[in-house]
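Topology and contacts: notes
Given next are the chains, with one letter for each unit.
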Amino acid sequence: MAATKKKKSANSQYVFWGFYGMMALGCVILGSLIGIVFGWAIDLPRVEELEYMQPSQVSVLYSSSGEILDQFATEKRILVQYEDIPEHLKHAILSAEDKNFFSHPGIDVKRALVTIFWNDLIKGNRWGFSTITMQLSKMRFTNTGKTIERKIKDMFYAVNVEKEYSKEQIFTFYANQMNLGHGRYGFASAADFYFHKSLQDIDLHEAALLAGIIQSPGA
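Read on for a plain summary of the structure. (Residues numbered from 1 in each chain as written. Predicted model: local features only at pLDDT ≥ 70, side-chain atom pairs only at ≥ 80, totals over all residues. Heavy atoms only, no water.)

**Examining the packing of aromatic side chains**
Summed over all chains, the structure comprises six aromatic pairs. Ring centres of Phe193 and Tyr194 lie 5.0 Å apart, and the angle between their planes is 80 degrees; on these two criteria the pair is classed as edge-to-face. Ring pairing ties together the aromatic residues Tyr82, Phe101, Phe102 and Phe171, which thus form one cluster. In this arrangement the basic side chain of Lys167 is found over the ring face of Phe101, its NZ or CZ atom lying 4.5 Å from the centre. (Phe/Tyr/Trp six-rings, centres within 6.5 Å; stacked < 30°, edge-to-face > 60°. Lys NZ or Arg CZ within 6 Å of the ring centre and 35° of its normal.)

**A closer look at the nonpolar core**
Ranked by internal contacts, the top residues of the largest apolar core, which has 31 residues, are Leu89, Ile93, Phe171, Phe187, Leu199, Ile202 and Leu210. Mapped onto this core, the elements with two or more residues apiece are α3 (87–97), α5 (132–140), α7 (167–177), α8 (187–195) and α9 (204–213). Other than its neighbours up to four places away in sequence, Leu210 contacts Leu89, Leu180, Phe187, Ala190, Ala191, Tyr194, Phe195 and Ile202. (Core = buried A, V, L, I, M, F, W, Y, C linked by side-chain atoms within 4.5 Å. Buried < 20%, exposed > 50% of the residue type's maximum accessible area, 1.4 Å probe, protein only. Helix = DSSP H or I, 4+ residues; strand = E, 2+ residues; numbered from the N terminus. Contact = heavy atoms within 4.5 Å.)

**Remarks on unusual backbone geometry**
Apart from glycine, the bulk of residues carry a negative phi angle, and the bulk of peptide bonds sit in the trans form. Backbone geometry at His182 places phi at a positive 55 degrees, although glycine is not the residue there. As for its position among the elements, His182 is in the loop between α7 and β4 (184–185). Classification of His182 as exposed rests on a relative accessible area of 56%. Within the chain, His196 stands out as a residue other than glycine whose phi angle is a positive 55 degrees. For His196, the position within the fold is in the loop between α8 and α9.

**Observations concerning the pattern of salt bridges**
On inspection of all chains with the given rule, the structure shows three salt bridges. Of the charged contacts in the structure, one is a salt bridge between Lys90 and Glu87, with a shortest N-O distance of 3.0 Å. Residue Lys90 and its partner Glu87 are both found in helix α3; the two are separated by three residues, about one turn of the helix. Ionic pairing is found between Glu206 and Lys197, a salt bridge with its closest N-O pair at 3.0 Å. (Salt bridge = Lys/Arg side-chain N within 4 Å of Asp/Glu carboxyl O.)

Shown next as structure tokens:
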């Protein structure tokens with residue numbers, strides 16, 4: 001009887017110390033992860049730089065009579081304001097890339113959870129959940145590498161950008177920065193290249209095509 005009690009006591013101690021050890025290890029791992037994440041966050045440039053960035057535009061060479069002789073640019077871009085972007089193009093971009101753009105704080109948590117759980121874990125697809133603000137952060141501050149560090153930095157940037165700028169300003173930054181193939185950056189330059197039209201003159205089908213190029217401009 002006494003031996004049985006001693007055995008139960010020893011087992012209880014093993015369970016207690018095993019549980020305690022696992023909790024301690026979990027705290028160490030969690031603390032390390034938090035430290036790494038905040039270490040990445042501290043190293044981020046200030047998002048106010050977005051307002052002062054001067055993206056390259058097309059340089060045009062004219063003749064003495066005013067005719068265009070040639071154009072030069074590493075990134076061919078025509079800058080536009082938010083009010084210059086047609087409504088049907090805005091809707092096409094939002095539908096293709098970030099339908100909750102005007103309601104989320106830079107990170108679409110619901111979409112992220114669904115993407116990670118259903119597409120990545122269940123179906124095995126590598127679908128992104130980047131919002132427009134996160135894509136802008138990737139273009140201007142981080143890089144295109146598919147790493148956890150980059151994705152976390154994009155999230156930090158997105159939240160900070162949303163605090164600093166209005167949705168309209170963010171959308172305009174995005175519309176002027178996006179790579180749309182053939183060295184064309186921004187939707188105004190793409191409209192000129194693909195359709196020989198000003199941005200305001202494109203129709204619904206052309207807007208849908210431009211929005212569709214976003215995912216794979218190289219194709």
